[in-house]
Amino acid sequence: MHDIVDAGYLAAAVLFILGVMLLRSPATARRGNYLSALGMLVALVSSGWSGPLHHALLMLAVFAAAAAAGVAVARTVRMTAMPQLVALFNGTGGGAAALVALLAVLRASAGRLPAATLLPAFVTLLVGSASLAGSAVAALKLQGIVSGRPIPLPGRHAVSGTLLLLALACLAAALVGVVPLASAAVVAGAASVGLGLWSVLPIGGADMPVVISLLNALTGLAAAATGFVLANDLLIVAGALVGASGAILTLAMGRAMHRSLGHVLFGRLQTAQDAGGGERGTVHPTSPEEVALLLAYAQRVVVVPGYGMAVSRAQKEVKDLCDALAKRGADVRFGIHPVAGRMPGHMNVLLAEANVPYDQLYEMERINADFPVTDVVLVIGANDVVNPSARNAPGSPLYGMPVLNVDQAKSIVVLKRSMAPGFAGVENLLFGLDKTLMLFGDARAMASAVLQELLAVV
Amino acid sequence: MPAVLNEAFVFILAAFLGVALITKIPSVLHTPLMSATNAIHGVVLVGAVIAMTATHGTLQIVVGALAVFLGALNVVGGYVVTDRMLAMFQKSRREGGSPRA
């Protein structure tokens, strides 16, 4: 019997790995997700065979309720709200892991567990609870229910440090056996929930790509630790895969934002001190007519979308404008910064939703060399990620951050609400260049105004 | 080999495999990647089912049922929303007559 179960787990692990492998290309990614889901089904059916199945009806009912809720949310969520949803599912996974660990502790015969089980159980409990609480706060901030601005908390590090110490003290006490196991577990879990809340609450919205990636990695680790508790290799393999993925994305996002993980987690809210890089030149405001004329005779156009485009829901209007330009024979591409949006790769999903073909979407590294031969760059609701100071002003807080080199194009049009600085609070010298035109207004309204004017150009 | 070492062995190898696989995934797909791995960590649902089969008493049953609920929400919601996103990428390939292949 156990051989069959283990064979099922092995098959599931292989399907998970193949599923992740097929995510390498947009053409095969959907098949990969099916394989992964099939793996999950195989794993669940296998687990049902692992012993006498008590409470089967209750579990089925609970599963059905959760599945219905999950499908309803997953079907209706807007793509702009994807980061919240991913954070939410992250939290449920972390919470489930913590509860499984708690159950292992509660079931411990005579209130004792061997250290080889107790240690991973506490790790699961701590990491899972922190992930649950942190994800919940992240989701609330992304949804705008809790302010997305960086919140300075009094005694931020003292409180976090105390909670962490309390959790670790519970673990130590449980290992030595001086306190009842269940109480130690409950207190440790509660301290960890507090730690998760307290750590994520002060972090600003623009740092969310790093935070979500990190929470993803934590939940993966919690799943793997659950595998150690239950001596289940499938959980270990799946958890390790997710942990690796989250860790890689965390590092990639940190690099792209020029923020170390320490900066994001332990504060030092960036302030706009001396920006460096010299004076900005005179700004040249423009009109939709002028932009349409400029675009009408451009051969090569690159669109650089930022989160501002998503905020004004201009994706469809921008896509229509690009289609009209392509019809006139222009080569239109999108240049996408890794942190455009609120989670890794978010902008690509928003554009895919507007039916922009993914082979028009270019990563920063792939498009940067092409800017000198680009006639017009259309910057829509992006700021810091196109700031040339990151390249040539050693005094700027942005210096060293990888940016899109749009200032090297022949001319630049910036669609923007106002001259307000971006997240880093730094002046953008791009806006004062002689070859830069500023089109002020709502991105959606302006994109469609430019399109109307373009259609009028013969 | 003691069981714990055996498990550590599996964990380390899987982590290396994960790093090797994930670094090959283009940033265009990073959101679906995160959502897909999100669904995969829902595998703790398997752990919840195993733990649930041996519960005794109301407290344990409630904790177990809650774990099953959270895990199932994670798994089902995660896969469905990932599929929805990936379908958009597929569609955007088919319908958008891109000038550049």
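As the structure is a prediction and not an experimental result, all values here were calculated from the model.

Before going further, it helps to examine the overall build of chain B. Scanning chain B for helices and strands turns up four helices and zero strands. Ordered by position from N to C terminus, the α and β elements of chain B give α-α-α-α. Taking all 101 residues of chain B together, the buried fraction comes to 58%. Taking contacts inside chain B between residues at least 6 apart in sequence as the whole, the part at least 24 apart equals 71%. Summed over its atoms, the accessible surface of chain B is roughly 3,900 Å², and 70% of this surface lies on carbon and sulfur atoms.

It is worth spelling out the interface of chain B and chain A at this point. Of the residues lining the interface, 84 residues belong to chain B; the matching set on chain A comes to 102 residues. With both sides pooled, the region where chain B packs onto chain A buries about 8,500 Å², and carbon together with sulfur makes up 76% of that total. Taken together, the connections running from chain B to chain A amount to one salt bridge. On the surface where chain B and chain A come into contact, there are 19 residue pairs in polar contact (both at pLDDT 80 or more). Looking at the side of chain B that touches chain A element by element, the count peaks at 35 residues for helix α4 (residues 57–95) of chain B. Class assignment for the residues of the side of chain B that touches chain A results in 52 nonpolar, 24 polar and eight charged.

Our next topic: the packing of helix α1 (residues 2–21) of chain A against helix α9 (residues 233–257) of chain A. Residue and element names in this part refer to chain A. Where α1 meets α9, the closest approach of the two axes is 9 Å, and the angle between their N-to-C directions is 10°. Comparing the axis directions of α1 and α9 gives the class roughly parallel. Across the interface between the two elements, Tyr9, Ala12, Ala13, Phe16 and Ile17 of α1 pack against Leu234, Val237, Ala238 and Leu241 of α9.

This brings us to the packing of helix α2 (residues 29–48) of chain A against helix α3 (residues 44–52) of chain B. Where α2(A) meets α3(B), the closest approach of the two axes is 9 Å, and the angle between their N-to-C directions is 10°. Compared by their axis directions, α2(A) and α3(B) come out roughly parallel. Contacts from A:Ala43, A:Leu44 and A:Ser47 of α2(A) reach α3(B) at B:Leu45, B:Val46, B:Val49 and B:Ile50. Looking at the contact of α2(A) with α3(B) residue by residue, the classes come out as six nonpolar, one polar and no charged.

Looking now at unusual backbone geometry. A positive phi is found at A:Ala231, a non-glycine position, where the angle reads about 50°. Relative to the helices and strands, A:Ala231 is located in the loop between α8 (208–230) and α9.

Now for the domain arrangement of chain A. Parsing chain A into structural domains produces domain 1 (1–49), domain 2 (77–266) and domain 3 (288–456). The straight-line distance from the C-alpha centre of domain 1 of chain A to that of domain 3 of chain A is 40 Å.

A few words now on the packing of aromatic side chains. For the structure shown, the criterion picks out one aromatic pair over all chains. On the numbers, 6.1 Å between centres and 65° between planes, the contact of A:Phe228 with B:Phe11 is edge-to-face. Here B:Phe11 lies in helix α1 (residues 3–22) and A:Phe228 lies in helix α8, a pairing that spans two chains. One cation-aromatic arrangement involves A:Arg333 over A:Tyr362; the distance from NZ or CZ to the ring centre is 5.0 Å. Above the plane of the ring of A:Tyr307 lies A:Arg342, whose end atom (NZ or CZ) is 4.2 Å from the centre.

In this section: the pattern of salt bridges. All names here are of chain A. Summed over the entire model, instances satisfying the criterion amount to nine salt bridges over all chains. Notably, a salt bridge pairs Asp375 with Lys410, separated by 3.4 Å at the nearest N-O pair. Note that Asp375 is positioned in the loop between α15 (364–367) and β4 (376–380) and Lys410 in the loop between α16 (389–392) and β5 (411–416), a separation of 35 residues in sequence. Looking at Asp375, the relative accessible area reads 17%, which means it is buried. Among the ionic pairs, Arg391 bridges to Asp407, the shortest N-O distance being 2.7 Å. Highlighted residues: Arg391 in helix α16 and Asp407 in the loop between α16 and β5, separated in sequence by 16 residues. What you see here is one network of salt bridges that share partners, running through Asp331, Arg333 and Asp370.

All names here are of chain A. The strand order β3-β2-β1-β4-β5-β6 describes an open sheet built from six strands, whose pairing is parallel. With partners counted over all chains shown, the strands left at the sheet margins are β3 (361–363) and β6 (436–440), one partner each. Along the sheet, successive strands turn relative to each other by an average axial angle of 25°, direction set aside. Looking at chain direction, strand β1 (residues 300–305) and strand β2 (residues 331–336) are connected through four bridges and run parallel. Along β2, the bridge assignment pairs Val303 with Phe334. Lying over the sheet, helix α13 (residues 315–327) contacts β1, β2 and β4, oriented at roughly 145° with respect to β2.

Let us now look at the pairing of β4(A). Residues and elements named next belong to chain A. Of all five residues making up β4, five are buried, and the element is well covered by its neighbours. Side chains Val376, Leu378 and Ile380 of β4 all project onto a buried face; the interleaved residues Val377 and Val379 project onto the opposite face, where all are buried too. Where β1 meets β4, five bridges bridge the pair, whose relative direction is parallel. Residue pairing across strands places Pro305 opposite Ile380, the latter belonging to β4. Of the pairings in the sheet, the one linking β4 to β5 comprises five bridges and is parallel in character.

Rules and cut-offs
Residues numbered from 1 in each chain as written. Chains lettered and ligands numbered in written order. Predicted model: local features only at pLDDT ≥ 70, side-chain atom pairs only at ≥ 80, totals over all residues. Heavy atoms only, no water. Helix = DSSP H or I, 4+ residues; strand = E, 2+ residues; numbered from the N terminus. Buried < 20%, exposed > 50% of the residue type's maximum accessible area, 1.4 Å probe, protein only. Contact = heavy atoms within 4.5 Å. Areas by Shrake-Rupley, 256 points an atom, 1.4 Å probe, with all protein chains shown as cover. Buried area = accessible area lost by both parts, 1.4 Å probe. Salt bridge = Lys/Arg side-chain N within 4 Å of Asp/Glu carboxyl O. Polar contact = N/O pair within 3.5 Å; in protein donor to acceptor, adjacent residues only side chain to side chain. Nonpolar A, V, L, I, M, F, W, Y, C, P; charged D, E, K, R; others polar. Axes fitted to C-alpha atoms, helices over the stretch in contact; angles between N-to-C directions. Parallel < 35°, antiparallel > 145°, perpendicular 65-115°, else oblique. Domains from an automatic or database assignment. Phe/Tyr/Trp six-rings, centres within 6.5 Å; stacked < 30°, edge-to-face > 60°. Lys NZ or Arg CZ within 6 Å of the ring centre and 35° of its normal. Pairing = 2+ DSSP bridges.

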